[in-house]
There are 2 protein chains.
Amino acid sequence: MRTDKERPIGVFDSGIGGLTVLREITRLLPSENTIYLGDTARVPYGNKSKDTVARYSLEIADFLVRKGVKMIVVACNTASAFGLAELRKKLAIPVIGVIEPGAKAAVKATRSNKVGVIGTEGTIKSSAYVSAIKTLNPDITTNTAACPLFVPLAEEGWIDNEVTTAVAKRYLTGLMNLSIDTLVLGCTHYPVLKETISMVVGPSVTLIDSAASTAEETKTTLADKGILNDNKTAGGHFFYVTDSPERFVAVGRRFFGERLEGVEITHLDTL
Amino acid sequence: MRTDKERPIGVFDSGIGGLTVLREITRLLPSENTIYLGDTARVPYGNKSKDTVARYSLEIADFLVRKGVKMIVVACNTASAFGLAELRKKLAIPVIGVIEPGAKAAVKATRSNKVGVIGTEGTIKSSAYVSAIKTLNPDITTNTAACPLFVPLAEEGWIDNEVTTAVAKRYLTGLMNLSIDTLVLGCTHYPVLKETISMVVGPSVTLIDSAASTAEETKTTLADKGILNDNKTAGGHFFYVTDSPERFVAVGRRFFGERLEGVEITHLDTL
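Residues numbered from 1 in each chain as written. Chains lettered and ligands numbered in written order. Predicted model: local features only at pLDDT ≥ 70, side-chain atom pairs only at ≥ 80, totals over all residues. Heavy atoms only, no water.

(A) Summary view of helix H6 (residues 128–136) of chain A. Every buried residue belonging to H6(A) is among A:Ala128, A:Tyr129, A:Ala132 and A:Ile133, and all of these are buried. Taken end-on, H6(A) shows its buried residues confined to a sector of 120°, consistent with a single buried face. (Buried < 20%, exposed > 50% of the residue type's maximum accessible area, 1.4 Å probe, protein only. Helix = DSSP H or I, 4+ residues; strand = E, 2+ residues; numbered from the N terminus. Arc of directions from axis to C-beta.)

Take a look at the structure:
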């Protein structure tokens with residue numbers, strides 16, 4: 001029989017972006033079993049309202065709980081900003097998001113106490129990063145910019161052409177004029193555009209990708225609860241999407257780093 | 001009591017793009033009452049599968065039928081490509097899409113018999129325009145290009161900056177090399193980018209926007225059934241969205257040409 005420790009970690013995102021987080025979790029915790037859900041039938045979340053994103057997050061969490069997960073990682077900044085509090089209120093298992101880990105990493109990295117945060121319209125409007133950073137260190141000034149076109153550019157695979165550079169310049173010039181030394185990539189799609197963003201902001205700015213620190217937080221949370229999987233064998237990884245898997249498999253490789261096997265479709269409501 | 005003629009026309013789209021079609025309908029048929037539904041909680045449709053888009057279209061049509069519409073205009077190219085056949089099979093009222101009217105207008109416009117069509121990934125993959133044009137005139141060669149970034153650019157309001165021009169050049173150069181003389185804007189968002197597209201393809205290419213010809217088709221269909229509204233008073237226009245109305249109202253003005261009043265939210269399933 002499966003022990004508590006062997007139960008999978010549930011990870012979800014509006015689509016493929018959260019695979020960058022899953023990748024770090026599987027690197028840090030190779031024996032953990034995981035279930036990933038990408039809500040590809042309703043992607044993206046970044047331009048949708050708080051109520052809608054919170055409702056979608058609850059539906060997905062219900063699905064993952066019925067699949068027997070031992071904790072949930074909300075691997076989507078918009079869902080972390082809009083749905084995390086509600087999920088924590090309703091679920092008995094631990095739930096972490098990507099915003100607190102990202103904020104922690106930024107606070108640790110900055111020397112000038114001037115941090116920039118970029119994300120979707122929803123994440124930026126929520127002020128979730130500004131609050132999280134302020135709570136950790138009130139001396140830090142945080143400025144933000146919404147970058148709605150970065151997600152479609154990443155999905156289109158336009159990683160480093162002249163269009164992506166021009167878009168990055170338009171979005172980031174304002175932040176650069178404020179002399180930030182640290183920039184949080186506050187959307188799980190953005191690490192894919194890291195090279196272009198880095199070129200535009202220059203070598204003096206540290207880019208923070210919350211994937212690695214979210215993986216750390218996952219480990220700490222499981223260790224605290226005594227449910228880290230200490231098996232020596234490699235964990236199994238299962239993938240669900242709400243729309244047909246074809247596109248997810250094709251584009252997902254760029255995000256997960258390896259081919260996605262056995263991706264299944266689910267309509268969350270008809271489980 | 002409301003007569004059959006006074007029943008509203010139902011118009012739907014994944015979001016705001018279909019407002020360009022609604023605008024033409026209200027111009028041509030000012031006394032008609034209309035109900036518009038924008039599925040903003042699940043927008044966009046262009047990168048989703050046929051099954052998912054067809055399922056969404058049926059849910060929305062059910063909603064509109066319960067609201068008492070006398071016909072349905074699918075003011076979304078992806079939903080027309082993927083959902084129209086199913087809607088016609090299941091509904092007793094007339095249903096038209098935007099693809100046949102757009103194809104008709106293109107066939108009428110071309111002199112060289114070389115037509116280009118641009119649209120979302122879904123619309124282009126469906127080959128719906130290629131088939132519709134071939135049926136009307138087998139001598140015409142149709143070439144297509146998917147332009148996934150045009151929708152987010154239009155939504156972002158980047159109508160005519162250097163980024164939009166660069167994106168348009170990347171997408172359209174291939175088609176231009178095939179010496180087309182007519183280009184179908186096969187997505188209801190694209191008319192907003194008309195000036196940039198026109199600049200890139202040059203004055204020798206006629207741009208076809210299916211909005212006007214869809215309005216014509218709406219009129220013909222209602223006249224054929226004897227249910228044109230012949231009142232002399234201006235019709236009422238009602239708007240529903242599936243996500244919070246705020247963004248729809250803010251961005252929709254650019255598409256509808258005037259302020260959207262009294263926009264209500266609905267969850268289609270909980271009517």
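(B) Main features of the pattern of salt bridges. Residue and element names in this part refer to chain B. Applying the stated rule across the entire model yields 32 salt bridges over all chains. Residue Lys-5 is joined to Asp-230 by a salt bridge in which the shortest nitrogen-to-oxygen separation is 3.3 Å. Placement of the pair is Lys-5 in the segment before strand S1 (9–13) and Asp-230 in the loop between helix H10 (210–225) and strand S9 (237–241), with a sequence separation of 225 residues. The class for Lys-5 is partly exposed, based on a relative accessible area of 31%. Between Lys-104 and Glu-217 there is a salt bridge, and its shortest N-O distance comes to 3.2 Å. Remark: Glu-217 occurs in helix H10 and Lys-104 occurs in helix H4 (residues 99–109); sequence separation between them is 113 residues. (Salt bridge = Lys/Arg side-chain N within 4 Å of Asp/Glu carboxyl O.)

(C) Just the interface of chain B and chain A, in detail. Across the boundary between the two partners, chain B contributes 32 residues, which contact 32 residues of chain A. For the pair chain B and chain A, the two sides together bury roughly 2,500 Å², of which 52% comes from carbon and sulfur. On the chain B side of the contact with chain A, B:Leu149, B:Arg170 and B:Arg247 bury the most area, a combined 20% of that side's loss. Where chain B packs against chain A, one counts 6 salt bridges. For B:Glu121, the salt bridge is made with A:Arg247, and the minimal N-O distance between the two is 3.2 Å. Listing elements by their share of the side of chain B that touches chain A, those giving two or more residues are helix H2 (50–66), helix H5 (121–126), helix H7 (150–156), helix H8 (162–176) and helix H11 (245–256) of chain B. In terms of residues, the side of chain B that touches chain A owes the most to one element, H8(B), which gives 6 residues. Grouping the amino acids of the side of chain B that touches chain A by side-chain chemistry returns 13 nonpolar, 8 polar and 11 charged. (Contact = heavy atoms within 4.5 Å. Buried area = accessible area lost by both parts, 1.4 Å probe. Nonpolar A, V, L, I, M, F, W, Y, C, P; charged D, E, K, R; others polar.)

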